[in-house]
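# Overview (structure and organization)
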Amino acid sequence: MTQTPFSPFDTLLERETAQEVLRQAVAGADDGELFLERRRSEALMFDDGRLKTASYDASEGFGLRAVRGEVAGYAHSTEISEQALRRASETARLAVGDGGGTWADAPEGTNKKLYTDADPIEGAAFPVKIETLREMDDFARGLDRRVVQVSASIAASLQEVVILRPEGTSVTDIRPMTRVNVSVIVEKDGRRESGSASGGGRVGLDGLLDPADWQAKTREALRIALVNLSAVPAPAGVMDVVLGPGWPGILLHEAIGHGLEGDFNRKGSSAFAGLMGEQIAAKGVTVLDDGTIPDRRGSISVDDEGTPSAKNTLIEDGKLVGYMQDRQNARLMGVKSTGNGRRQSYAHIPMPRMTNTYMLGGDVAPGDIVADLKDGIYAVGFGGGQVDITNGKFVFSCTEAYRVENGVVGAPVKGATLIGDGATALKQIRAIGNDPALDPGMGNCGKQGQWVPVGVGQPTLMIGGLTVGGSAA
C-alpha cells in the first residue's frame, strides 16, 4: 500500500512548538538543527534455487543537535512527539554550557532535485520481484553447466528527511535507492570459484528488473567466476600495477578520500594534514568529490545538515586544493561547508563524508598503458580493503587480476592483494587513461560505525612500486 508523504509537522508535531524547543536548545550555541526521518526498506534474496529471505523494515525518528565549539550535544528518539523533543532538548543543551557562541549562518537554499521521489518499493509488485529472482537463477544455471550455485537479490528503500533550522527555515529531501546483485559459484574438477556483479542507484526498479539489465549482470558474474576458475597463484613482490576504470576507484576512495575529510585534517590525524596547496600527487592527477550527479548512488540534493551538495575539487593537477567539510569542521577551520555533512540515520550525528569521489581522465589510451607495463599486475576488480587514516597505508584484495609481462596480458591470478600508502601511491601515478568511468552503483562507506551509500570512479591508471601480496615470488 502506498504511504502518504512524510509530514511530521502536520501529523506528529506542531511546527511552532518544534521551533520553540529547538531555539531553546541551541540558545548560546554556534549551530544546531532538528533532523526528522522516515525510512522504509525491502530486501529479497533468492539463494540456491529458493527464496531464502524477504524482509521489510520501517522506521522513523528525530535527532536534535546543539553545537558549541568542538563539542556537539546530540539526542535522538524513535518517538516524534513534543514530550520526546523536550527531553532531547535538555540533553543536547548540555553541550552549550554557559553559551557565548557565535551563531553560524544558515545554509543557502536550493531547488535542486537530482533524483526521482517515487517510492521504488512500490515500483514493482512483490510477485514480480520474486519471479525475476527465479528467472535470474534459471538463466545463470542455463549459461554454463559448471554453475553449481546462484544467489540473487533485489533491494529497495526510500528515505524521507525534514531538516528544521532555528531560524525557521526547513529543508526536505526524498531519497530513493535500489540495487540488484547476482553471484555465481562454478566448479570444475573439484575446484570452486565465485564471481558477482551488481548495480543500482537513486532510481526506480524498472530498469534493473529489465531482463536486458539483469542478464548482463549475470553474464558478468559468470565471466568473473570462470576467469577465477583458471587463475594461478598471484606473484609477490614490489611491482608496477595497472588499475582498470570504474570500480577500482574504491582504492582511491579508501586510500586518499578519507584522508581528505575535514575532521581528520582539523585534528591533524590525516596523512594530508597541513599540506593545503602543496603537490601531493603526480602532475595531471585531479580528484573530485561530486554529490550533484543525477541518479547516482552517492548523490544527495542536500546533505544531512541542509547544505546543498556540490562538485568539489580536492586535488587539481597534483596539488591539494580542498577538503570535504560539514558545517562544524568548516567553521572551526575558517572555511565554508562543502555539502558533505552526512549521517547514517536520525540516530547518528553528521560528520564529513564522501559522496561520489573520482579521478578525472587523462590523455593516454588504456591499451597503451597496459602495453607499457613490463612486469606487473593488471587489476580490474576489487573486493574488501582497509586503510589507516593516520598514515594512509592500505591493503586491498583483488577479485579479478592478471599477470602482465612485457606489455602482454597473461594468465589471471588468484589471491592478489595490493599494499601501499595513499600519499606515496598518488605520487607514483605514471599514466592516466582517457577512459574515466564511474562504478555501477554498489558502494557503501563506513566511518566511526556509520554507513552511507557512496560512488567511486577513475580512468585506467598505472601506479609504480606497489607491493603485491600473493604466493612466494
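Each remark here, short or long, concerns the structure printed above.
Below you will find a few notes about this structure.

Cut-off values and rules
Residues numbered from 1 in each chain as written. Predicted model: local features only at pLDDT ≥ 70, side-chain atom pairs only at ≥ 80, totals over all residues. Heavy atoms only, no water. Helix = DSSP H or I, 4+ residues; strand = E, 2+ residues; numbered from the N terminus. Buried < 20%, exposed > 50% of the residue type's maximum accessible area, 1.4 Å probe, protein only. Contact = heavy atoms within 4.5 Å. Areas by Shrake-Rupley, 256 points an atom, 1.4 Å probe, with all protein chains shown as cover. Lys, Arg positive; Asp, Glu negative; His and termini not counted. Charge placed at Lys NZ, Arg CZ, Asp CG, Glu CD. Pairing = 2+ DSSP bridges. Axes fitted to C-alpha atoms, helices over the stretch in contact; angles between N-to-C directions. Salt bridge = Lys/Arg side-chain N within 4 Å of Asp/Glu carboxyl O. Expected span 1.5 Å × (residues − 1). Phe/Tyr/Trp six-rings, centres within 6.5 Å; stacked < 30°, edge-to-face > 60°. Lys NZ or Arg CZ within 6 Å of the ring centre and 35° of its normal. Polar contact = N/O pair within 3.5 Å; in protein donor to acceptor, adjacent residues only side chain to side chain. Disulfide = S-S within 2.5 Å. Core = buried A, V, L, I, M, F, W, Y, C linked by side-chain atoms within 4.5 Å. Parallel < 35°, antiparallel > 145°, perpendicular 65-115°, else oblique. Nonpolar A, V, L, I, M, F, W, Y, C, P; charged D, E, K, R; others polar.

### Here's the deal with the overall build of the protein chain
Looking only at helices and strands, the protein chain has 10 helices and 23 strands in total. Expressed as lengths along the three principal axes of its C-alpha atoms, the size of the protein chain is roughly 70 × 55 × 35 Å. Looking at the 473 residues of the protein chain, the share that counts as buried comes to 54%. Long-range contacts, defined here as pairs at least 24 residues apart, represent 76% of the contacts in the protein chain between residues at least 6 apart. Of the roughly 19100 Å² of accessible surface on the protein chain, 50% is carried by carbon and sulfur atoms. The centroid of the 49 positive side-chain charges in the protein chain is displaced by 2 Å from the centroid of its 62 negative side-chain charges.

### Some details on the sheet that holds strand β1 (residues 31–47)
Read from one edge to the other, the open sheet built from six strands follows the order β3-β2-β1-β4-β5-β6, with strand pairing classed as antiparallel. Of all strands in the sheet, those with a lone pairing partner are β3 (71–77) and β6 (191–201), marking the two edges. Here the average twist between neighbouring strands, direction ignored, is 20 degrees. Where strand β4 (residues 147–164) lies against strand β5 (residues 170–188), 17 bridges are found, and the strand directions are antiparallel. Bridge pairing links S157 to M177 in β5. Its contacts with the sheet place helix α5 (residues 211–229) against β4, β5 and β6, and it is angled at close to 150 degrees to β6.

### Comments concerning the side chain of D290
Mapping D290 onto the fold places it in strand β9 (residues 287–290). Despite its burial, D290 pairs with no opposite charge; the closest candidate is K311, at 4.6 Å N-O. Beyond its immediate stretch of four places on either side in the chain, D290 contacts A310, K311, T355, N356 and Y358.

### Quick notes on helix α4 (residues 126–143)
For α4, built from 18 residues, the straight-helix expectation of 26 Å at 1.5 Å per residue is met to within 8% by its first-to-last C-alpha distance of 26 Å. All of the buried residues along α4 are K129, I130, T132, L133, M136, D137, F139 and A140. Buried residues belonging to α4 abut β1, β2 (50–68), β4, β5 and α5.

### Structural notes on the packing of aromatic side chains
Centre-to-centre distance and the angle between the planes together describe a pair of aromatic rings. Considering all chains together, one arrives at four aromatic pairs under this definition. Measuring from centroid to centroid gives 5.9 Å for F382 and F396, while their planes differ by 85 degrees, and the two rings are edge-to-face. Of the two residues, F382 is situated in strand β15 (residues 375–388) and F396 in strand β16 (residues 393–405); the sequence distance between them amounts to 14 residues. With respect to burial, F382 and F396 carry one shared label: buried. Here a set of aromatic residues connected by ring pairs shows up, and it is made of F382, F394 and F396. In this arrangement the basic side chain of R202 is found over the ring face of Y115, its NZ or CZ atom lying 5.3 Å from the centre.

### What about the environment of Q458?
Tracing the backbone shows Q458 in strand β22 (residues 450–458). For the pair formed by Q458 and G249, sequence separation is 209 residues and the distance between their alpha carbons is 5.2 Å. Beyond its immediate chain neighbours, meaning those up to four positions away, Q458 contacts L243, G244, P245, G246, P248, G249, L252, M359, D435, P436 and A437. Of note is the side chain of Q458, whose polar atom sits 3.1 Å from the backbone oxygen of G244.

### A word on the state of the cysteines
This model, assessed by the stated rule, comprises zero disulfides. With no disulfide partner, C398 has as its closest neighbouring cysteine sulfur the one in C445, 20 Å distant.

### A closer look at the nonpolar core
Core analysis: the biggest nonpolar cluster contains 44 residues, and L260, V285, I315, F382, L418, L426 and I429 have the highest contact counts within it. For this core, the elements supplying multiple residues, two or more each, are β8 (237–243), α6 (249–257), β10 (311–316), β15, β16, α10 (422–427), β19 (429–432) and β23 (461–469). Among the elements that make up this core, the one with the highest residue count is α6 (five residues). Formed by 26 residues, the second largest nonpolar core is a distinct cluster that contains L44, F139, A140 and A221.

### Details of the pairing of β4
Along any regular strand, the residues point their side chains to alternate faces of the sheet. Of all 18 residues that make up β4, 14 are buried, and the element is covered over most of its length. Pairing of β1 with β4, which is carried by 14 bridges, proceeds in the antiparallel orientation. Looking at β4, one finds that L36 is bridged to V162. The loop that links β4 with its antiparallel partner β5 comprises five residues; one of these, G168, has a positive phi angle of about 110 degrees.

### So, the pattern of salt bridges
Throughout the structure, instances matching the rule amount to 35 salt bridges. Linking R65 and E33 is a salt bridge whose minimum nitrogen-to-oxygen distance equals 2.8 Å. You can see R65 sitting in strand β2 and its partner E33 sitting in strand β1, a full 32 residues away along the chain. Note on accessibility: R65 and E33 belong to one class, buried. The closest approach of N and O atoms between K52 and D47, which form a salt bridge, is 3.6 Å. One continuous salt-bridge network, built from bridges that share partners, spans D31, R165, E167 and R327.

### Here's the deal with the pairing of β3
Here seven bridges tie β2 to β3, and the two strands are oriented antiparallel to one another. Within β3, the position partnered with A66 by the bridge is G73. Counted between consecutive antiparallel strands, the loop separating β2 from β3 contains two residues, among which G69 sits at a positive phi close to 60 degrees.

### Overview of unusual backbone geometry
For D317, which is not glycine, the phi torsion reads 50 degrees and is therefore positive. Along the chain, D317 turns up in the loop between β10 and β11 (319–320).

### Quick look at the packing of helix α2 (residues 15–26) against helix α3 (residues 82–92)
Packing of α2 against α3 brings their axes to within 9 Å, and their N-to-C directions diverge by 10 degrees. Between α2 and α3, the interaxial angle falls into the category roughly parallel. Side by side, α2 and α3 meet where T17, A18, E20, V21, Q24 and A25 of the first sit next to E82, L85, R86 and S89 of the second. Across the contact of α2 with α3, the residue classes tally to four nonpolar, three polar and three charged.

Functional significance is not addressed by these values, which are geometric in nature.
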